[in-house]
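# Residue-level structural notes
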Amino acid sequence: MKPPMEERGPLIGRSVARREDPRLLTGRGRFVDDIALPGMLHAQFVRSTVAHGVLTAVDLTAVRSVPGVIAAFTAEDLDLGDITAQLGRPRVEFVPTAMPVLARDRVRYVGEPIAIVIARDAYAAEDGLEAARVSCAVRPPVTSEETALADGAPLVHDEAPRNTLVDVSLFATDGIDEIFAAADCVVRVRTRTGRQNALPLETRGVVAHWDDREEQLVMQTCTQVPHQVRTVAARCLRLDERAVRVQVPDMGGGFGLKCVVGREEIAAAAAARRLGRPVKWIEDRKDALTASFLAREQRYDVRAAFSSDGRILGLDAEVVCDMGAYSCYPFTAGIEPLMASAEMPGVYTVPAYRVRGRAVTTNKAPTAPYRGVSRPQYVMVVERLFERAARELSLDAVEIRRRNVITTFPYTGVNGITYDPGSYLESLNLCERTLLDEGWYERRAAAAAEGRHLGIGYACFSERTGYGSAAFAQRKMEVVPGFDISEVRMDTSGAVTVTTGTMSHGQSHETTMAQIVADELGLDIGKVRLHQGDTDRITYGWGTFASRSITVGGSAVRLAAGKLGEKLRRLAAARWDIPWEETELGRGEVRRRDAPSVALSYPELADLAYLQAHLLPKGLEPGLTATATFDVFNDGTFSNATHGVVVELHEGTGQVEILRYVCVEDCGVAINPQVVEGQCRGGIAQGIAGALFERVTYDAQGEPSATSFMDYKVPTAQEIPDVTIRHLETPCAFTGTGAKGAGEGGTIGAPAAVLNAVNDALRPTGTELDDTPITPEAVHTALKPRERLS
């Protein structure tokens, strides 16, 4: 028998078992591809086989005669509106690009959808693709940011001069050139990061059907942003938003890839409406690797000025991001350069800053946010600058960080962002102390004496979370995310249903949101049920990205639960004829503070609210429902962490073996520490993947050359080390629970820590690596400098 709530203590801060697990681990989960509706048809897409060209003919006549094929549609057949993301910036700073649902006059990357084929089963749909005849006048492709910006380069979009979609200089401190000229030490890092795929276990997909009774187009899809999918689908199909319902079943990962609106989902929904039958589209892995949204391909050229004692004096940066063929909705092509430009100073007291951020368009699949959004890249660059400055000034690499991290809060940086309290210095010290106490510095020295190559690397960083409307408005987004709405409703049994506009795709919302509600109401967690991902049941929401679910969504949930708790207390107080302030909640009941043995249970109060409403006192309405909104009108909150890594480089193969990984993180109050640790470990795995393995590649004609896991190298459990996670706690002042976000920190810190460890191991060779992924070939060459020079 469970002890009473007070005896068990609060749920926030406890590793409560995930409530999702019994369903998911016993095969009772329901994902998009599990959905089967009567009369359901299957869709596949005719895709461009060239990177750049003008469509001269699309002939689907033979497609329609293939056995099993029901229909085939081009852009002209469906007549859909375009998907266009906008920034409210002048033309010299931002050029919008309209992304047609199906290509009309021009194709701009290999894999761009040109037509949709609908068949009785997926195999017949694939056969139909083979019969399509597409004629195209091939144009020279733009396959890199260098060729995009070159004089006379072909234009991916005629309206975008020099293939530039975003060109913004957000900051330029007066006198920065003089600061660099007078500095004792100036270091420079030029780096490139490889294009990546977010690789959720579940690829994209949708099942769409027209509901005649409700006069609604119902889209069951795996998206992080159901309300935004509804908006875009309604506008493309020219329907009222009421006529579109988006539902999200269980979802197998997203990582940002699914927080933008895709073309294929809209086309499948349009076909379902046109045919009056359900249509399913499931992305295969080849399309996911080549034609889905990608991320991360960036170039940095950054200088840092330091005094002789290792104090940073200024940062001067140029950022160029290859965003592929189109802007993503709703974030636009500005998502990566604007993030990097605004937040690059990070955890350090940088007094002077200048940055230019550009997004260029190329003939590659478009990009979307991917876990961390530019922060893994700019953190890696800044951490490399500190390593290089430490070497030039003969300082310890950790000590130079100590001298520069922010220690006085609140701190307003040169970038105009105010940082709330964090544990930047404490996390750095604890991470270093952990590796010192474990003897890794002695092992490094011993390995060097044996001719082996061990290295130790660190990354100290912050993760801005709780982005509200104010933060997104600063980017001048036309569509401004930010707030969240929650409704908490109690039924006559005393059980509670809570809604949230966030959308879990592995973050355990059914557990953590229930912990918040149960604590707020003094209720057993088993009495709390979460609803998410249904645009007809959720008033509105911006979904899940940027670690906003607990900071923003959880805060709205807490406020709504608090309002419901107050209503319960007012009901009880009216029965006792006492002020409601003299009551308290706990153990599923309302008690009198002056006589704790006098109590009314929640079912008793619910009966009064619903079944005996004629007895309600004047001023109290029937029902037990409360709604609350939450937004962040400051600069948000900042989680922080330090990662420490020990690697060994193997001369014969160039392999990088990670021997030790320590993460010291501070996300404020951890609602559920086990969930936080899962987020950290998963993020670190993805960060290691970017540091050492993953890269989407293309040939000179823009043809993807990593079309399967044979070529796109993904780490396995063998390459990912055990990770030790140590927690610090600096509560956030405005979330109510004290929680900060924790979804992206693992990915942000890992590339920098791994790269620094590799370079520490390479120190005796005099060679440094700055690009990722760090290939075995690059390590092998660096370990054999004489052979390389010969």
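Criteria and cut-off values
- Residues numbered from 1 in each chain as written.
- Predicted model: local features only at pLDDT ≥ 70, side-chain atom pairs only at ≥ 80, totals over all residues.
- Heavy atoms only, no water.
- Salt bridge = Lys/Arg side-chain N within 4 Å of Asp/Glu carboxyl O.
- Helix = DSSP H or I, 4+ residues; strand = E, 2+ residues; numbered from the N terminus.
- Buried < 20%, exposed > 50% of the residue type's maximum accessible area, 1.4 Å probe, protein only.
- Pairing = 2+ DSSP bridges.
- Axes fitted to C-alpha atoms, helices over the stretch in contact; angles between N-to-C directions.
- Contact = heavy atoms within 4.5 Å.
- Phe/Tyr/Trp six-rings, centres within 6.5 Å; stacked < 30°, edge-to-face > 60°.
- Left-handed = near helix turned anticlockwise from the far one by under 90°.
- Nonpolar A, V, L, I, M, F, W, Y, C, P; charged D, E, K, R; others polar.
- Patch = residues over 30% accessible without salt bridge, like charges linked within 9 Å, V, L, I, M, F, W, Y side chains within 5 Å.
- Areas by Shrake-Rupley, 256 points an atom, 1.4 Å probe, with all protein chains shown as cover.
- Lys, Arg positive; Asp, Glu negative; His and termini not counted.
- Charge placed at Lys NZ, Arg CZ, Asp CG, Glu CD.
- Core = buried A, V, L, I, M, F, W, Y, C linked by side-chain atoms within 4.5 Å.
- Parallel < 35°, antiparallel > 145°, perpendicular 65-115°, else oblique.
- Arc of directions from axis to C-beta.

Taken as a whole, this structure holds 64 salt bridges when the rule is applied. Between E265 and R204 there is a salt bridge, with the nearest N and O atoms lying 3.8 Å from each other. Within this pair, whereas E265 is found in helix α9 (residues 263-275), its partner R204 is found in the loop between β10 (185-193) and β11 (205-211), the two being separated by 61 residues in sequence. The residues E265 and R204 share a single accessibility class, namely buried. Across the pair D770 and R384 runs a salt bridge whose closest N-O atoms are separated by 2.9 Å.

Think of a sheet as strands paired side by side through backbone hydrogen bonds, with each pair either parallel or antiparallel. Read across the sheet, five strands follow the order β9-β17-β16-β15-β10 without closing on themselves; strand pairing throughout is mixed. Each edge of the sheet is formed by a strand with only one pairing partner; in this case those strands are β9 (164-172) and β10. Each strand of the sheet is rotated relative to its neighbour by a mean of 10 degrees, with strand direction disregarded. Strand direction decides the pairing type here: strand β16 (residues 312-322) and strand β17 (residues 353-360), joined by eight bridges, are parallel. Paired with V319 across the bridge in β17 is G357. Against the sheet, helix α11 (residues 335-343) touches β9, β15 (298-306), β16 and β17, its axis set at about 175 degrees to β17. Sheet contacts for helix α12 (residues 375-393): β10, β15 and β16; angle to β10, the most-contacted strand, approximately 145 degrees.

Once that is clear, we can look at the packing of aromatic side chains. One pair of aromatic rings is described through two measures. These are the centre distance and the angle between the planes. Taken as a whole and judged by the stated rule, the model has 15 aromatic pairs. An angle of 85 degrees between the planes, with centres 5.8 Å apart, marks the rings of F45 and W281 as edge-to-face. Here F45, found in strand β1 (residues 41-47), pairs with W281, found in strand β14 (residues 279-282); they are 236 residues apart in sequence, far enough to count as distant. On the basis of an interplanar angle of 50 degrees and a centroid distance of 6.2 Å, the ring pair of Y411 and Y419 is categorised as tilted. Taken individually, Y411 and Y419 each receive the classification buried, so the pair is uniform in this respect. Joined through ring pairs, the aromatic side chains of F331, Y467, F472 and F545 make up one cluster.

Viewed as axis vectors pointing N to C, helix α17 (residues 509-521) and helix α18 (residues 549-576) meet at an angle of 35 degrees, and their least axial separation amounts to 9 Å. As for the relative orientation of α17 and α18, their crossing is right-handed in sense. Across the interface between the two elements, H509, T512, M513, I516, V517, E520 and L521 from α17 touch S549, I550, G553, G554, V557, R558, A561, G562, L564, G565 and L568 from α18. Residues of the contact of α17 with α18, tallied by class, amount to nine nonpolar, seven polar and two charged.

A grouping of D121, E126, D127, E130 and D284 is seen on the molecular surface, where their side chains present a negatively charged patch. Positionally, D121 belongs in the loop between β7 (113-119) and α5 (122-131). Judged by its relative accessible area of 34%, D121 falls in the partly exposed class.

This part takes up the sheet that holds strand β22 (residues 496-499). With respect to topology, four strands assemble into an open sheet ordered β23-β22-β21-β27, the strand pairing being mixed. Of all strands in the sheet, those with a lone pairing partner are β23 (528-531) and β27 (625-630), marking the two edges. Adjacent strand axes in the sheet meet at a mean angle of 20 degrees when their direction is disregarded. Where strand β21 (residues 484-490) meets β27, six bridges bridge the pair, whose relative direction is antiparallel. In the strand pairing of β27, D484 is matched with F630.

Let's shift gears to the nonpolar core. As a rule of thumb, nonpolar side chains are buried together in soluble globular proteins. One finds F306, L315 and M344 to be the most contacted residues of the largest nonpolar core, which totals 121 residues. If sequence neighbours within four positions are ignored, M344 has contacts with Y300, V302, L315, A317, V319, Y353, Y378 and V382. By size, the runner-up hydrophobic cluster in this structure holds 53 residues, among which are I116, I118, A268 and W281.

Moving on, we come to the packing of helix α14 (residues 424-437) against helix α15 (residues 440-449). The interhelical angle for the contact between α14 and α15, taken along N-to-C directions, is 55 degrees, at an axis separation of 5 Å. Classified by the interaxial angle, the pair formed by α14 and α15 is oblique. Of α15, the residues touching α14 (which contributes E432, L435 and L436) are W440, Y441 and E442. Taken together, the residues of the contact of α14 with α15 break down into four nonpolar, no polar and two charged.

The next thing to look at is α5. Taken together, the buried positions of α5 are A124, A125, G128, L129 and A131. In a view along the axis of α5, the buried residues occupy a sector of 155 degrees, so they form one face of it. What points out from α5, more than 90 degrees from its buried face, is the exposed set Y123 and E130. Buried positions along α5 lie against β1, β2 (53-59), α3 (61-64), β3 (69-74), β7 and β8 (133-138).

Take the environment of K618 next. Positionally, K618 belongs in the loop between α19 (602-610) and β27. On the basis of relative accessible area, K618 is assigned to the exposed category, the value being 88%. Linking K618 and A574, residues 44 residues apart in sequence, is a C-alpha distance of 9.6 Å.

Limitation: the analysis is restricted to geometry and does not speak to function.
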